[in-house]
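Here is what each chain is made of, one letter per residue.
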Amino acid sequence: MTSVKKLFAQLSRRGPHRVLRGDMAIVGLPGVVYTPESGTDLPGVAFGHGWITHSRQYRDTLEHLASWGIVVAVPDTERGPLASDRALAVDLETSLQIISSVRLGSGAITVHPERLALAGHGLGASAAVLAAGDSQHARALAALFPAPTGPAVLPAAHRARVPALILAAPKDLDGMTSNALALRNALQGDQVALRTIPKSTNRGLAEGFSVRKRLGDGSDHSTTQKATRAMLAGFLLAHLGGTAARGRTAIGDPTYSDFADPAVAIGKLETVDADTVEIDSADPITRLLRS
């Protein structure tokens, strides 16, 4: 059995599949789909972008997931400064329905309707949580460096009874730019993990040029991206992978089961025990002035 250390190293590199890109606009929703070149009954994930960002700013991350056999759909909606987390949540759920109900590529690529997950970054992470709270399709949730958006997010997290992964920067668990700790406390079950990535930044997952990067927000951070891609791929494969045979589909690939276990140490990531974290009770303005 391959050790989790070796698996993490493997998953930090591109997978074995050639990647294809498609346009969701042909079915009425602006956005893109990344798929492996071929495959049936594949796992699929709807991914929500961050605030004032575009799907192209996650291209390498999305292609990375597709190279490991995961279909990824990204709606390119709610990209303005007044973006709605609720509207993006609706589009994420619609994306899951699209990729699981139509043949992709030249018609040879399909997604299994029981192998679906929701994921997102920043604003998109909160939108993914909102969608998961009411989704009849999602089997897993990944909130990557989640940002606080609206009051409906935490109640939705409480309703979302699915395995969940939250990734955060070590010094940004709770505050004006992160609701990672609050999400961990709201999500239910023993398959929920809050992990921090050393030397990461909460906006570092976005790639290339952006308005926010021009303003000096620290985006496009290779350390953040490399560790996030490996952890996210392992988590999704653990819960959605597997093989189909004789009409039966095994959901979840045991090869990557350690990525689904909050108690297992993975790489240099740290698992956060929410009960031991001291919550800063100061108001947001005071926190901002101290920073």
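Residues numbered from 1 in each chain as written. Predicted model: local features only at pLDDT ≥ 70, side-chain atom pairs only at ≥ 80, totals over all residues. Heavy atoms only, no water.

Q: Looking at this structure, I do not really get the nonpolar core. What am I missing?
A: In terms of nonpolar packing, the biggest core is built from 49 residues, with Val71, Ile99, Leu118, Leu141, Leu187 and Leu194 touching the most fellow members. No other element matches helix 4 (residues 123–134), which puts 8 residues into this core. Apart from residues no more than four positions distant in its own chain, Leu187 is found in contact with Leu141, Ala157, Ala160, Ala164, Ile166 and Val192. (Core = buried A, V, L, I, M, F, W, Y, C linked by side-chain atoms within 4.5 Å. Buried < 20%, exposed > 50% of the residue type's maximum accessible area, 1.4 Å probe, protein only. Helix = DSSP H or I, 4+ residues; strand = E, 2+ residues; numbered from the N terminus. Contact = heavy atoms within 4.5 Å.)

Q: Would you explain empty space enclosed by the protein in this entry?
A: Which parts of space are left empty comes out when a probe the size of a water molecule is rolled across the atoms. As enumerated under the stated definition, the model contains 1 cavity of 30 Å³ or more in all. Volume-wise, the largest cavity comes out at about 40 Å³. Together, Ala164, Leu165, Gln191, Ala193, Arg195, Met231, Phe235, Phe259, Ala260, Asp261 and Pro262 line the largest cavity. Its residues assigned to classes, the lining of the largest cavity shows 8 nonpolar, 1 polar and 2 charged. (1 Å grid on protein atoms, 1.4 Å probe; cavity = no way out; pocket = protein on both sides within 12 Å on 5 of 7 lines; lining within 4 Å. Points joined across faces, edges and corners; volume = space filled by probe spheres on them. Nonpolar A, V, L, I, M, F, W, Y, C, P; charged D, E, K, R; others polar.)

Q: Any chance you could explain the environment of Leu144 here in plain terms?
A: Relative to the elements of secondary structure, Leu144 occurs in strand 6 (residues 141–144). Separated by 61 residues in the primary sequence, Leu144 and Leu205 have C-alpha atoms spaced 8.6 Å apart. Residues contacting Leu144, with those up to four places away along its chain left out, are Phe47, Gly120, His121, Gly122, Ala125, Leu167, Leu205, Thr228 and Leu232.

Q: I keep staring at the side chain of Asp91 and nothing clicks. Help me out?
A: Here Asp91 lies in helix 3 (residues 85–101). One buried charged side chain, Asp91, makes no salt bridge at all; its nearest oppositely charged neighbour is Arg79, positioned 11 Å away. In terms of polar contacts, Asp91 uses its side chain to reach the side chain of Thr77, at 2.6 Å. Ignoring sequence-local partners within four residues, the contact set of Asp91 consists of Leu29, Pro75 and Thr77. (Lys, Arg positive; Asp, Glu negative; His and termini not counted. Salt bridge = Lys/Arg side-chain N within 4 Å of Asp/Glu carboxyl O. Polar contact = N/O pair within 3.5 Å; in protein donor to acceptor, adjacent residues only side chain to side chain.)

Q: Even after reading the chapter, I still don't get the packing of helix 3 against helix 4, so can you show me in this structure?
A: For any two helices packed against each other, one specifies the inter-axial angle together with the distance between the axes. Remark: helix 3 packs on helix 4, axes separated minimally by 8 Å, with the N-to-C direction vectors making an angle of 65 degrees. Between helix 3 and helix 4 the crossing geometry is right-handed. Residues Asp85, Arg86, Leu88, Ala89 and Leu92 of helix 3 form the contact with helix 4, whose own contacting residues are Leu123, Gly124, Ala127, Ala128, Leu130 and Ala131. Along the lines of polarity and charge, the residues of the contact of helix 3 with helix 4 split into 8 nonpolar, 1 polar and 2 charged. (Axes fitted to C-alpha atoms, helices over the stretch in contact; angles between N-to-C directions. Left-handed = near helix turned anticlockwise from the far one by under 90°.)

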